[in-house]
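Structural overview for review
Single-letter residue listing:
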Amino acid sequence: MKRVYNFSPGPSMLPLPVLERAAAEMTDTNGTGQSVMEMSHRSADFKPIIEKTEGLLRSLMGIPSNYRVLFLQGGASLQFSMVPLNLAGSAAGQARKKAAYIDTGVWAKKAAEEGAKFVDAELRASSADRSYTYIPEAPAPKPDDAFYHITPNNTIVGTRWAALPETGTVPLVADISSCILSEELDVSRFGILYAGAQKNLGPAGTTVVIIREDLIGKAPPQTPAMLRYDIHAKELSMYNTPPCYGIYIIGLVLEWIQEKGGAKALEELNREKAALLYAYLEQSRLFRSPVEKPFRSMMNIPFVGVEPDPELDKRFVREAAEAGLVNLAGHRLVGGMRASIYNAMPKAGVEALVKFMEQFEKKFEKGFGKGK
Ligand SMILES: *Cc1c(COP(=O)(O)O)cnc(C)c1O
């Protein structure tokens, strides 16, 4: 069997034991004689699967009982619309409400741009002035803000909020697509948390929404049914057919996380993994991290040439792939390289990457043999 270390930002690696179990159960799950893909979502066979997945997510994230968990579709991107629509959408003839957004990169900005279709989306702080390489000071909310939106881990630029803003009674809303369950998180600090599953949680196609109960039921009457939290909550994520197979795989991933020791244990491991790569970058003469130190992500680690050289970057990405270290090209907006090292990336994968980088740097210093 060939398995590579896949540093893709998403969809990304899944734990091998999860894939092996899914393969073993593919044609007959839990003695039902069916694949989960073939099950009616309303059947007694599927019910324990979605209940198990929700139960595990609740216990692993410590989700309080006054929060609901929804398994939806449309990716994190649809939440860019659902959040403002449900929390602050205005009925016909009503004045628009306003909401605070902090611009920390591409996804954060997209959330605000989409939000602006439904509310007065005010960018209260931005790190665009230094190419998003830091997290700006977060100002206090205004008392009439409908919500306050942040992106705790910025997948493309590789920054992370080291501390959460204090928003008092204004609901804090966070897009945790690329950091869910990568570290401990106090859910009670938030009004809504949402995440596309394809980075840290499972396959693409499922979006997890964790929402405080008092925020459900505020959507204006013209809101389409599929975009209403109250309907999805009332119907237990089964207003229509949910992404059944994705929910099942998320359940297997959560079981794997539980076996690993939960969010706290993963946080320690993720810290070690990230430290290995940052330590190498600190002393490298060839590569460096473009991100300011206090704001460096544990999940997405971009690196660029000390002397920018797109040809050298291409060579690095190509030779790394030949060595079984794939998907290391940086985002087109940032350039250079990026290693996404989510929960499922083993420490051995990061060690292999660092070793490859050391060897590449040595070869570079010798001019790659006669080539240069
Ligand atoms: C990947 C990503 C998105 C987009 O997710 P989709 O599920 O593709 O819509 C949004 N926000 C963040 C932080 C991401 O990393």
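Rules behind the numbers
- Residues numbered from 1 in each chain as written.
- Predicted model: local features only at pLDDT ≥ 70, side-chain atom pairs only at ≥ 80, totals over all residues.
- Heavy atoms only, no water.
- Near = heavy atom within 4 Å.
- Polar contact = N/O pair within 3.5 Å; in protein donor to acceptor, adjacent residues only side chain to side chain.
- Areas by Shrake-Rupley, 256 points an atom, 1.4 Å probe, with all protein chains shown as cover.
- Helix = DSSP H or I, 4+ residues; strand = E, 2+ residues; numbered from the N terminus.
- Pairing = 2+ DSSP bridges.
- Contact = heavy atoms within 4.5 Å.
- Axes fitted to C-alpha atoms, helices over the stretch in contact; angles between N-to-C directions.
- Domains from an automatic or database assignment.
- Buried area = accessible area lost by both parts, 1.4 Å probe.
- Patch = residues over 30% accessible without salt bridge, like charges linked within 9 Å, V, L, I, M, F, W, Y side chains within 5 Å.
- Salt bridge = Lys/Arg side-chain N within 4 Å of Asp/Glu carboxyl O.
- Buried < 20%, exposed > 50% of the residue type's maximum accessible area, 1.4 Å probe, protein only.

Topic: the site of the ligand
With respect to spatial proximity, 13 residues lie near the ligand, and among them Ser77, Thr155, Asp175, Gln198 and Lys199 are the closest. Within the backbone of Ala76, one N or O atom sits 3.0 Å away from an oxygen atom of the ligand. For the ligand, whose free accessible area comes to 390 Å², the fraction covered by protein is 87%. Considering every element that reaches the shell around the ligand, the biggest residue donor is helix H3 (residues 75-88), with four residues.

Here's the deal with the sheet that holds strand S14 (residues 337-340)
The strands that make up a sheet are held in pairs by hydrogen bonds between backbone atoms, and each pair lies either parallel or antiparallel. Strand order in the open sheet made by the three strands is S11-S12-S14, with antiparallel pairing throughout. Strands at the two margins of the open sheet, each flanked by one partner only, are strand S11 (287-288) and S14. Where strand S12 (residues 300-305) lies against S14, four bridges are found, and the strand directions are antiparallel. Bridging from a neighbouring strand, Pro302 pairs with Arg338 of S14. On top of the sheet, helix H7 (residues 262-283) reaches S11, S12 and S14; it is set at about 15 degrees to S12, its chief contact.

Concerning the sheet that holds strand S8 (residues 172-175)
A sheet is described by the order of its strands in space; here seven strands give the open sequence S2-S10-S9-S8-S5-S3-S4, paired in mixed fashion. Two strands close off the open sheet at either side, each with one partner strand: strand S2 (67-72) and strand S4 (120-126). Taking the axes of each pair of neighbouring strands and ignoring which way they run, one obtains an average angle of 20 degrees across the sheet. Pairing analysis gives three bridges linking S8 to strand S9 (residues 192-196), with the strands arranged parallel. If you follow Ala174 over to S9, its bridge partner there is Leu193. Relative to the sheet, H3 contacts S2, strand S3 (98-103), strand S5 (145-150), S8, S9 and strand S10 (207-212), its axis offset from that of S9 by approximately 160 degrees.

Things to note about the domain arrangement of the protein chain
Domain boundaries assigned for the protein chain yield domain 1 (16-259) and domain 2 (262-365). Between the C-alpha centres of domain 1 and domain 2 there is a distance of 28 Å. The interface of domain 1 with domain 2 comprises 27 residues on the first partner and 25 residues on the second. In total, domain 1 and domain 2 occlude about 2100 Å² of area from one another, counting both sides; carbon and sulfur atoms represent 56% of this.

Topic: a nonpolar patch on the surface
Together, Met1, Leu16 and Leu19 line one region of the surface with nonpolar side chains, adding up to about 300 Å² of accessible area. One can find Met1 in the segment before strand S1 (5-6).

Observations regarding the pairing of S2
Across the six residues of S2, five count as buried, placing the element largely inside the fold. Taken together, the six bridges between S2 and S10 define a ladder with antiparallel strand orientation. Its bridge partner being in S10, Arg68 is matched across the sheet by Ile211.

Here's the deal with the pattern of salt bridges
Side chains that differ in charge, positive against negative, can pair when their charged atoms come close. Per the stated rule, a full pass over the model turns up 25 salt bridges. Taking the shortest distance from any N to any O, the salt bridge between Arg58 and Glu54 comes out at 3.0 Å. Highlighted residues: Arg58 and Glu54, both in helix H2 (residues 47-61), separated by four residues, approximately one helical turn. A salt bridge links Arg189 to Glu166, with the nearest nitrogen and oxygen atoms 3.7 Å apart. Pair noted here: Arg189 is in the loop between S8 and S9 and Glu166 is in the loop between strand S7 (159-160) and S8, with a separation of 23 residues, a long-range link. Taken together, the salt bridges that share partners define one network made up of Arg21, Glu25, Lys52 and Glu255.

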